[in-house]
Amino acid sequence: EPEVTQTPSHQVTQMGQEVILRCVPISNHLYFYWYRQILGQKVEFLVSFYNNEISEKSEIFDDQFSVERPDGSNFTLKIRSTKLEDSAMYFCASRPRGRTEAFFGQGTRLTVV
Amino acid sequence: QKEVEQNSGPLSVPEGAIASLNCTYSDRGSQSFFWYRQYSGKSPELIMSIYSNGDKEDGRFTAQLNKASQYVSLLIRDSQPSDSATYLCAVGIGDLHPYGNKLVFGAGTILRVKS
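As the structure is a computational prediction, the values presented were derived from the model and not from experiment.

Caption draft 1: Broad picture of the pairing of strand E4 (residues 32-38) of chain B. Residue and element names in this part refer to chain B. Across the 7 residues of E4, 7 count as buried, placing the element largely inside the fold. On E4, burial covers both faces: Ser-32, Phe-34, Tyr-36 and Gln-38 on one face and Phe-33, Trp-35 and Arg-37 on the other are all buried. Where E4 lies against strand E9 (residues 85-93), 7 bridges are found, and the strand directions are antiparallel. Residue Arg-37 lies in a different strand from E9, and its bridge partner there is Tyr-87. As judged from the 5 bridges shared by E4 and strand E5 (residues 45-50), these two strands associate in the antiparallel manner. Along E5, the bridge assignment pairs Phe-34 with Ser-49.

Caption draft 2: Molecular detail of the interface of chain A and chain B. On the chain B side, the residues contacting the 22 residues of chain A number 24 residues. Both sides together, the interface formed by chain A and chain B hides about 1,800 Å², and carbon and sulfur atoms give 54% of it. The largest share of the area that chain A buries against chain B comes from Lys-42, Thr-100 and Phe-104 of chain A, three residues that together contribute 30% of it. Remark: the boundary between chain A and chain B carries 2 salt bridges. Counting across the chain A and chain B interface gives 10 residue pairs in polar contact (both at pLDDT 80 or more). Those elements that provide at least two residues to the side of chain A that touches chain B are strand E4 (31-37), strand E5 (43-50), strand E6 (53-57), strand E9 (88-95) and strand E10 (103-104) of chain A. Of the residues assigned to the side of chain A that touches chain B, the class counts are 11 nonpolar, 6 polar and 5 charged.

Rules of the game
Along each chain, residue indices are assigned from 1 in the same order as the chain's sequence is written. In the order they appear in the text, chains get letters beginning with A and ligands get numbers beginning with 1. A pLDDT threshold of at least 70 governs which residues receive local features in this predicted model, and a stricter bar of 80 or more applies before side-chain atom pairs are shown or counted, although totals over entire chains, interfaces and linings include all residues. Excluding hydrogens and water, the side-chain figures rest on all heavy atoms present in the structure. Residue exposure (1.4 Å probe, protein chains only): buried if accessible area is under 20% of the type maximum, exposed if over 50%, otherwise partly exposed. Working definition: helices are DSSP H or I runs of at least four residues, strands are E runs of at least two. Numbering for both runs from the N terminus. For two strands to be treated as a pair, DSSP must find at least two bridges joining them. The criterion used for residue contact is that any of the two residues' heavy atoms lie within 4.5 Å. Note on terms: buried area is the combined drop in 1.4 Å-probe accessible area of two parts once they are placed together, counting the loss on both. Counted as salt bridges are all cases of a side-chain nitrogen of Lys or Arg within 4 Å of a carboxyl oxygen of Asp or Glu. Whenever two N or O atoms come within 3.5 Å, that pair is a polar contact, provided that in protein one can donate a hydrogen and the other can accept it, and provided that, for residues adjacent in sequence, both atoms are side-chain atoms. When residues are grouped by polarity, Ala, Val, Leu, Ile, Met, Phe, Trp, Tyr, Cys and Pro land in nonpolar, Asp, Glu, Lys and Arg in charged, and all others, Gly among them, in polar.

By themselves, these figures tell us nothing about what the structure is for.
The structure is reproduced here in structure tokens:
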């Protein structure tokens, strides 16, 4: 069964460094998302992406964050200058046209030290 | 602010019993509702979706929706120890938006099934 894949599974970075989290959505899906979950807290929406542009972003998704679909298969989340409070699980999700169910990747645990 | 509320639990049930999980939501315009299961340290796994008032059954799972009361529930019949997880209620916001929707999640209910 097709699945959303994310790399790396765990990333440790120093505060102030840039990180890129990578995702390969399910191949026939058209809508892409990033969510995050700080330990012990709710899953929170960050950004949605459709037709090669951001369709919606949350208050969390400030200028330090960016998303890109560089080659038609990968979908990346970049954090330019990481802060301690960016430590969380980051989930990529995708959704096909005509359906509302979103399918999540296994997540990347980001630890900022 | 669109909110989704769940009792955090833990809800403890004996093996073989029915587990009942509940969720309320604030956005009256929401059209899509989902239950995800999340094991510790893992990603949310979709187990049920429901769009119309009433019940929807899939195997041991039944989702119930009451839009007038803004209430969604999940029943798990014949609960197994492997069902022990956090169950996340999620509501779709902006389903009719041409550029897609987003999910608003509740904090989740911890379910423990005792053998």
